[in-house]
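Structure at a glance
Residue-level listing of the chains:
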Amino acid sequence: MSLPLRFLAIAAAFLIAHTASAAPIVIKYSHVVADQSPKGQAALKFKELAEKKFPGVVEVQVFPNSQLYGDGKEMEALLLGDVQIIAPSLAKFGKYTKKLQVFDLPFLFDNIQAVDRFQDGPVGQALLNSMTDKGIKGLGYLHNGMKQLSANKPLRTPADAKGLKFRIQSSDVLEAQFKAVGANPQKLAFAEVYQALQSGVVDGTENPWSNIYTKKFHEVQKYIMESDHGVLDYMVVTNAGWWNGLPPNIRKGLNEAMVESIKYGNKIAFDEDANFRQKVIDDKKAEVLPMTRAELNQWRKAMAPVWRQFEPEIGRDVINAALKANER
Ligand code: LMR
């Protein structure tokens, strides 16, 4: 072999060896719910798709059930670069933007389909960028479902909730929502909810069916009201600096994997919500009580002042766009 050819062969061998041994891009995806929940399934789907697109180049590590960070710490960890993807509930971004508080307004959305239309529309899409100045980039919305109220006594009218302690997510809107009916809201991390209910630290809570079932809240609550009074959805977010620093082809491929995984998770959220409700009923640990329109109207009326209280922070335009999504 001539000298230049030999040099080329050595250079090629070096390049191949180096590429093969280069450390993969490790993506830590941390969340607080169970693997079987819509978010848990979406995270696992992202891992599958991303690793299939970039074998040996990208490694996704999924940490469910607050294993790595609970919801008090996961945002900090994202900003510090200790995790790369998280998907907190839209109720947990209050420190970073006030606009997303729209999702917590009680009785704003008629159902999860209306939430979907709002998120898909121009105002919802613009909200994905509402935290870029803080270094947080929204990659997409992910559904869970409508929330149900629960306690150890039936909650037919707002008066039934008076004086009870309710666990809430870390949201000022949800705090105002329970105060509006004379209850005592307490912000607690998701990982602490089961024990707080079991030990009586709180009397009740609110969550969608998938979380109630997979976290066994129905085993430590006597009554679950079919209230559908609000939504619990997520924004999948990443560290903007990290994301923008990825090689363009990897960023593009990861974005495609994310879009696909969100579609997958959303389908589970739509398809399985009724099944999780049925599983709770079949377990016979808690009684699931339907609510009449007249009962729900009392709650709606009692909680109405919350809208006025938060409108200046959220913006009338954002609330109007959300309301419009109820019209089909
Ligand atoms: C909660 O804290 O109740 C939820 O935000 C948990 C979750 O991620 O669904």
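Residues numbered from 1 in each chain as written. Predicted model: local features only at pLDDT ≥ 70, side-chain atom pairs only at ≥ 80, totals over all residues. Heavy atoms only, no water.

Our next topic: the site of the ligand. The environment of the ligand is made up of 13 residues, and the closest members are Lys39, Lys92, Arg167, Gln169 and Tyr234. Measuring from an oxygen atom of the ligand, one finds a side-chain N or O atom of Lys92 at 2.7 Å. A distance of 2.5 Å separates an oxygen atom of the ligand from a polar side-chain atom of Tyr234. Bound to the protein, the ligand loses 100% of the 270 Å² it would expose on its own. (Near = heavy atom within 4 Å. Polar contact = N/O pair within 3.5 Å; in protein donor to acceptor, adjacent residues only side chain to side chain. Areas by Shrake-Rupley, 256 points an atom, 1.4 Å probe, with all protein chains shown as cover.)

Within helix H4 (residues 112–120), burial applies to Ile112, Ala114, Val115, Phe118 and Gln119. Looking straight down H4, one finds its buried side chains confined to an arc of 155 degrees; they lie on one side. For H4, the elements touching its buried residues are helix H5 (122–127), strand E4 (136–146), strand E10 (231–239), helix H10 (248–283) and helix H13 (316–324). (Buried < 20%, exposed > 50% of the residue type's maximum accessible area, 1.4 Å probe, protein only. Helix = DSSP H or I, 4+ residues; strand = E, 2+ residues; numbered from the N terminus. Arc of directions from axis to C-beta. Contact = heavy atoms within 4.5 Å.)

Another aspect to go through is the pairing of strand E9 (residues 223–226). Direction of pairing for strand E5 (residues 148–151) relative to E9: antiparallel, over a ladder of 3 bridges. Within E9, the residue paired with Ala151 across the bridge is Tyr223. The pairing of E9 with strand E11 (residues 287–290) spans 4 bridges and is classified as parallel. Of the residues in E11, the one forming a bridge with Glu226 is Pro290. (Pairing = 2+ DSSP bridges.)

Attention now moves to the pattern of salt bridges. Close approach of charged atoms allows side chains with opposite charge to pair. Tallied over the entire structure, the rule returns 15 salt bridges. Measuring nitrogen to oxygen at the nearest pair gives 3.1 Å for the salt bridge that ties Glu295 to Arg156. Placement of the pair is Glu295 in helix H11 (residues 293–303) and Arg156 in the loop between E5 and strand E6 (165–168), with a sequence separation of 139 residues. A relative accessible area of 13% places Glu295 in the buried class. Here Arg156 falls in the partly exposed class, since its relative accessible area comes to 28%. Because the salt bridges share partners, they merge into one network encompassing Lys53, Lys252 and Glu256. (Salt bridge = Lys/Arg side-chain N within 4 Å of Asp/Glu carboxyl O.)

Next up on the list: the pairing of strand E2 (residues 58–63). In this structure, strand E1 (residues 25–30) lies alongside E2, joined through 6 bridges in parallel fashion. Its bridge partner being in E2, Ile25 is matched across the sheet by Val58. Read as a crossover between parallel neighbours, the route from E1 over helix H2 (residues 38–53) to E2 is right-handed. (Right-handed = clockwise from strand over helix to strand, strands pointing away.)

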